[in-house]
Structures are given as C-alpha cells and as structure tokens.
Amino acid sequence: MTFSYQLDELENITEGQQRYVQSLIRERKAPATFRIGSRLYGIKTLETYSDDEANRDGSEFEQIVLDHRLRQNSDQWDTFADEIVRRRLQVFGALAERSISIRTIEQIFENPDLSWDSEAVFKMIGSPSPGTGRHFDRLKRSLKEGLSQGRAPGISSQDDIEYVAKAVALPGFPILEKINMLTLYQGWYRNRSLPKLADQIAAQAADFTTGRTKGAYATRVQHYASDMVAQLLRDEGKRIPLQFGLKNFIRMAEGLPRTLVVALRNIWDLAIYNEREEVIDHISTEDQANGLLDTAEWFMQTMRKPGADGTAVRTAIERIARLFETNRFADKPVECSLLGFSVLERELTEKTQSLLLVAEQRSFLIRTTKEEIDRNSQERLAKFQLNATLAPKWSLPIARRGIVKFSPTALDLIFDPARADEFEEYHKAWKAKMTAPQFGGPRKQEAHQTMPSLFEPDE
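Remember, predicted model here, so these are calculated numbers, not experimental data.

### A look at the pairing of strand β1 (residues 3–7)
In the sheet, β1 pairs with strand β2 (residues 32–36) via 5 bridges, with the strands oriented parallel. Each residue of the ladder has a partner; that of F3, found in β2, is A32. Crossover connection from β1 via helix α1 (residues 15–27) to parallel β2: handedness right-handed.

In structure tokens, the structure reads:
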C-alpha cells in the first residue's frame, strides 16, 4: 500500500513555501509518495532545507509535462479531448439529445467545404464574373506597376497585362486562380517571361482540373490552398479565422484542456446569445470565428507573465505573428502555412534565451522535438511553433508545415522591445522581398531562369 500526498497549483505558493515542499519530497520514506501539479513556470526553486541540497529530475523526482506528452500522442489527446467535451455537454444539458456522441457534436458546427473545387469560397467572395474580383485587381496593379518600372518580363503594353490575367483565369475556381497567380509570381521572381509562363500555367491548370496530371501543380494546390483561401477573403476585406469544427478546436488547444474548454465556452456563449436558445443544434461560422478570436485574446492576457519580461515576451510574440501574417498574405510567400521558426539557440544573447524560455513556459511558443540541421555549420537548430490558439488573431494557419530560419541577431531584435524602429525596418524588408514587382530589390530581366525550382511549371 502506498500513501500519496497530492498538491496542485504549486505556482500559487511562495518560493520559501516551495522549498519546504521540496524538503518533504527529499526526506520522504516509503510507502509515502507525492504527486504535485504546477504550470511550467510555477516551479520557483528545487532547493531544500536538507543541507541546502537541491532535488534533481530523475533522482528525487520525475517530471512529466502533460501537455507535451499529449501533443506527442495525438490519438491519446484526441480521445481525451473528445471525452472532456462529450461529458461536459451531457452534464450541462447543452444539447437536445440525452445520449451525446462526438459525431453529433461535430455536426452542430457549420463547417464549409474549403477545397479547391468547392463552391463555398466562390460564394464567400461574392461569385465574381470570369476574370474579375479583388484578386485580379491586385494582380493587374502589380503587372501595371512592373510595366511602368520595366520590371515585368515580357510585358510591354496593357494588352499584355490583360492577356496574362485572362490566361490565369479559371472561372468558378478562385482557389486555383490564386494558385495560378502564385505560380506566376514565383516565375516573375525568377525573371521568366510572364505571357509565356501564363500559357504554361493555364495548360497545367487545365490538366489538373480534368484529372490528367498531378505533378508540381497538384503539389502547389496541396501546400498552398489554405493560404490562398485566406488571401481571397482578405482581399475582400474579411478578416476571419478559417478554423471550423471540433477537430480543429482540439488541434488548436495544443494539449491544454483548459484552452479547449475556454474556446468551446466562448463559442457556445455567442451561439446562445445570437440564437436566443438554451439548447443549441447549430453554430454558425461567424460564432465560431468570434469565439476563437476571444479565446486568442484570453490566452494572450492569461498566460502573460507580469513585469518587464512579460511585456518583452508579448511584444516578441506579436512581432513573430506579424511576420508570419505578412508571409501568408504576400504575393510570393517564402513558406506555405508558416507557423514555426528555427534558430541556432546557443548564439542568442543570454537575455533572449531567458525570454525564449519564458515564452515556452507560458506556452506562447512550443518547442518541437524534431530538430533541424544547419546547412553551413551542421549544428542542430532549435525549432519552435507559435501556439495555434493564437492563430485566429493574425489569420494564421494551424497546420505545422512551414518553418522559417531566423538568424540569432534577428531573433535578438524580435525579443527586444526597445528596438521598435529597427524591427519595423526589418519587417519592411521582410515584406518587400515577397512583393511584386521588385521582390526586395532591382533585378535584371532575363528571358530564362538558370536554376529549376520545385514550384516552377513543367516545361
């Protein structure tokens, strides 16, 4: 028989009191044991009153980071989260049915089909006539500016601009039109002749829609479709998250049950208020989007550390999110579905390393277990992902696909709130390199590129 002494919310007691608890852990005798719960930032000391020795993980205690363990086992987290949601709804009678299944819950949330061949996105942007819409206005503006600056290869007149726009048009399929435009921007960056490139893109798109080929075009659709949907809606002035349905909410919670519960509470409260019903059988995309925005703001406020370090971390998170947002809505994003970054951690300043740890402990950033090898130094790079709960605040994706490498000096800048002007210059340069027609600087027009690209249309 084992006697277990259990203590939760260790973060709410003082350092001196924690030292006393650490002493009890060190001096315990069988059959007694302790189970102590705390937030990641809640352990203030491992020192004891036993000859001033400190407890060590793996010796006097074993540390288990529950949210990390749940993130590493997605099936376990999904099952656990499903059970939390089902039981809460059943206990509070929030649904009409007495026996509640996860399938029943999922059907409550409006979840539009955002795939490339769905009519939903076409209707969301106002069902524009062929070759029209805000995305075509944006493309033509870029081409016109390129023409005036001599930076649009193959474009010598307004007729050429109209020709290119017509070639990339695919009436009724705005997502594929955006994919076509993305491919055009990628070729434009490499100084390809835009009319010739537009013809090749049109042929690839036709083959893709008829199922004759997959290849590079299908890869672009797979990787960039969600970003292109976000761009279409942003062009229409609609700043709404695109994460709908219970499965996405569970994914966004990042293994933190409290975050999931708060998100669902916010969504449910809005649905009850707007529907004027106590029993809900349908939750609109608008209520889901607004509930997620409220949850992101709650997370920023609740998880923030008081004092100067807390301000610095919040500033850094906002700066990282702004950079990722700029990437997502750029003409030529450097990464698809960008939500993470890598850095050579040991070369960061001591202060930045300290703030990075605070951001990790507060769950603003999540360290991923799969490290990256630097091509030049062959050293291991630490990889971090922005917590997906924050994604709606900046219209970011929740998928873990894109990773951008920050230099240590860049991350030092991002984490220094006193260097606001320098960051704005950095942000300006970041945006410029992804924006047509200059793409960050003057480029000599050439008829052909010298190096092939994975995302370049097949010749």
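Now that the structure is up, let's keep going.
### Points about a nonpolar patch on the surface
On the surface, a nonpolar cluster with roughly 430 Å² of combined accessible area is contributed by M1, F3 and Y5. Counting through the fold element by element, Y5 comes out in strand β1. Among the residues examined, Y5 registers a relative accessible area of 49% and is labelled partly exposed.

### Concerning the packing of aromatic side chains
According to the stated counting rule, one finds 16 aromatic pairs in the structure shown. Taking the centre distance of 6.0 Å and the plane angle of 80° together, the rings of F109 and W268 count as edge-to-face. Of this pair, F109 sits in the loop between α4 (102–108) and α5 (119–124) while W268 sits in helix α12 (residues 257–275), placing them 159 residues apart in sequence. Here F109 and W268 have matching classes, each one buried. If you follow R362 out to its NZ or CZ, it ends over the ring of Y41, 3.4 Å from the centre. The ring of W394 carries the charged tip of K393 above its face, separated from the ring centre by 5.5 Å.

### Points about the pairing of strand β6 (residues 380–386)
Each regular strand carries side chains that alternate between the two faces of the sheet. Taking burial as the measure, the 7 residues of β6 include 6 buried ones, the bulk of the element. Pairing geometry for strand β3 (residues 338–343) and β6, over 4 bridges, is antiparallel. Looking at the pairing, S342 lines up with K383 of β6. As defined by bridge partners, strand β4 (residues 365–367) adjoins β6 across 3 bridges and the pair is classed as antiparallel. Looking at β6, one finds that I366 is bridged to Q385.

### Observations concerning the packing of helix α3 (residues 74–92) against α12
At a closest axis distance of 11 Å, the pairing of α3 and α12 adopts a crossing angle of 40°. For the element pair α3 / α12, the angle class is oblique. The interaxial crossing formed by α3 with α12 has right-handed handedness. Two secondary-structure elements touch here, α3 through W77, F80, A81, I84, V85, R88 and L89 and α12 through P257, L260, V261, L264 and W268. Looking at the contact of α3 with α12 residue by residue, the class counts come to 11 nonpolar, no polar and 1 charged.

### Overview of the layout of surface pockets
Counted as a void, the largest pocket has a volume near 1,600 Å³. As for the largest pocket, its lining consists of 40 residues, of which I36, G37, S38, R39 and I64 are closest to the centre. Within the residue set of the lining of the largest pocket, elements represented by two or more residues are β1, α1, β2, α2 (66–72), α12 and α13 (285–302). A per-element tally of the lining of the largest pocket places β2 first, with 4 residues. Among the residues forming the lining of the largest pocket, the class breakdown is 20 nonpolar, 10 polar and 10 charged.

### So, empty space enclosed by the protein
Evaluated as defined, the whole model comprises 5 cavities of 30 Å³ or more. A volume near 80 Å³ is recorded for the largest cavity. Residue lining of the largest cavity: 15 residues in total, with A230, I240, L242, F329 and S395 positioned closest to the centre. For the lining of the largest cavity, a count of residues per class yields 9 nonpolar, 2 polar and 4 charged.

Rules and cut-offs
Residues numbered from 1 in each chain as written. Predicted model: local features only at pLDDT ≥ 70, side-chain atom pairs only at ≥ 80, totals over all residues. Heavy atoms only, no water. Pairing = 2+ DSSP bridges. Helix = DSSP H or I, 4+ residues; strand = E, 2+ residues; numbered from the N terminus. Right-handed = clockwise from strand over helix to strand, strands pointing away. Patch = residues over 30% accessible without salt bridge, like charges linked within 9 Å, V, L, I, M, F, W, Y side chains within 5 Å. Areas by Shrake-Rupley, 256 points an atom, 1.4 Å probe, with all protein chains shown as cover. Salt bridge = Lys/Arg side-chain N within 4 Å of Asp/Glu carboxyl O. Buried < 20%, exposed > 50% of the residue type's maximum accessible area, 1.4 Å probe, protein only. Phe/Tyr/Trp six-rings, centres within 6.5 Å; stacked < 30°, edge-to-face > 60°. Lys NZ or Arg CZ within 6 Å of the ring centre and 35° of its normal. Axes fitted to C-alpha atoms, helices over the stretch in contact; angles between N-to-C directions. Parallel < 35°, antiparallel > 145°, perpendicular 65-115°, else oblique. Left-handed = near helix turned anticlockwise from the far one by under 90°. Contact = heavy atoms within 4.5 Å. Nonpolar A, V, L, I, M, F, W, Y, C, P; charged D, E, K, R; others polar. 1 Å grid on protein atoms, 1.4 Å probe; cavity = no way out; pocket = protein on both sides within 12 Å on 5 of 7 lines; lining within 4 Å. Points joined across faces, edges and corners; volume = space filled by probe spheres on them.

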